[in-house]
Each structure stands twice: as structure tokens, then as C-alpha cells.
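Listed here are the chains, written in short residue letters.
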Amino acid sequence: QVQLVESGGGLVQPGESLRLSCTSSGSRLSRYAMYWYRQTPGNQREMVASITNRDLTTYLDSVKGRFTISRDNARNTVYLEMNNLKSEDTAVYFCNLGNFFWGQGTQVTVSS
């Protein structure tokens, strides 16, 4: 059973930073492509960032240069470093394994 657990969300002001973490007790994340998605009420989930098992990364255009996805294989953790946050980044952020398994989500709120 694959279980993904996100953490690191919270309330920040515009321009501040957060780092989200995604870890699993049931799978070695280094074997898989991993994704971060986000969702706002009434909207579909959109992919924010991805990292392949060879550490190739892609980003949503609106977060390029501000967000960084990375892995720490020793900790079996995938991160999403979010800098210069904007109000439009407010959403529930979800970790995804292989475009198949989902975490429970963590709320990110950017507000002054």
C-alpha cells in the first residue's frame, strides 16, 4: 500500500517562502517520477512541478524561477521549495507518485 504524506504548508505573506515535503513509508520514491499538483476550490488540479527518476524537472510556467522540486533519496523525501510566493499560489498542494497515487494534501495560503 502506497502512502504519501505531505507537510510544510501554512499561512505566509506575499514574497515569503515555504518548503513542502512528501515522504512515503511504503515506497522508495527514488524509483518513480514524482509530481506536485495544486487545486483551488471549483477548479481542477494542475501540475506545478515534476521530477523524473533521473531527476529531470519540469514546471508550470507561472512558477518557473520561483519553485524548485528536488529529492533527498536518503530521506525518501521529495521537496517543493516555493520562493517569492504570490496570492495566486494559494491552494491545496498534493504530492503524486507516478501520476497514480496521491497524498492527502497540504494547504498553502498566501495573504497579507
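Heads up: these notes are all about the structure in this document. (Residues numbered from 1 in each chain as written. Predicted model: local features only at pLDDT ≥ 70, side-chain atom pairs only at ≥ 80, totals over all residues. Heavy atoms only, no water.)

**Concerning unusual backbone geometry**
- Unusually for a residue other than glycine, Asp55 sits at a positive phi of about 70°.
- Residue classification places Asp55 among the partly exposed residues on the basis of a relative accessible area of 45%.
- The backbone phi angle of Asn76 is positive, close to 50°, even though this residue is not glycine. (Buried < 20%, exposed > 50% of the residue type's maximum accessible area, 1.4 Å probe, protein only.)

**Some points on the packing of aromatic side chains**
- The final tally for this structure, using the stated rule, is four aromatic pairs.
- Ring centres 4.9 Å apart and planes at 65° place the aromatic pair Tyr37 and Trp102 in the edge-to-face group. Residue Tyr37 is found in strand 4 (residues 34-39), and its partner Trp102 is found in strand 10 (residues 101-102); the two are separated by 65 residues along the sequence.
- On the numbers, 6.2 Å between centres and 90° between planes, the contact of Phe94 with Trp102 is edge-to-face.
- By relative accessible area, Trp102 is classed as partly exposed at 36%.
- Aromatic ring contacts, followed pair by pair, group Tyr35, Tyr37, Phe94 and Trp102 into a single cluster.
- Over the aromatic face of Phe94 sits the side chain of Arg45, whose NZ or CZ is 3.6 Å from the ring centroid.
- The ring of Trp102 carries Arg45 above its face, with NZ or CZ at 4.4 Å from the centroid. (Phe/Tyr/Trp six-rings, centres within 6.5 Å; stacked < 30°, edge-to-face > 60°. Helix = DSSP H or I, 4+ residues; strand = E, 2+ residues; numbered from the N terminus. Lys NZ or Arg CZ within 6 Å of the ring centre and 35° of its normal.)

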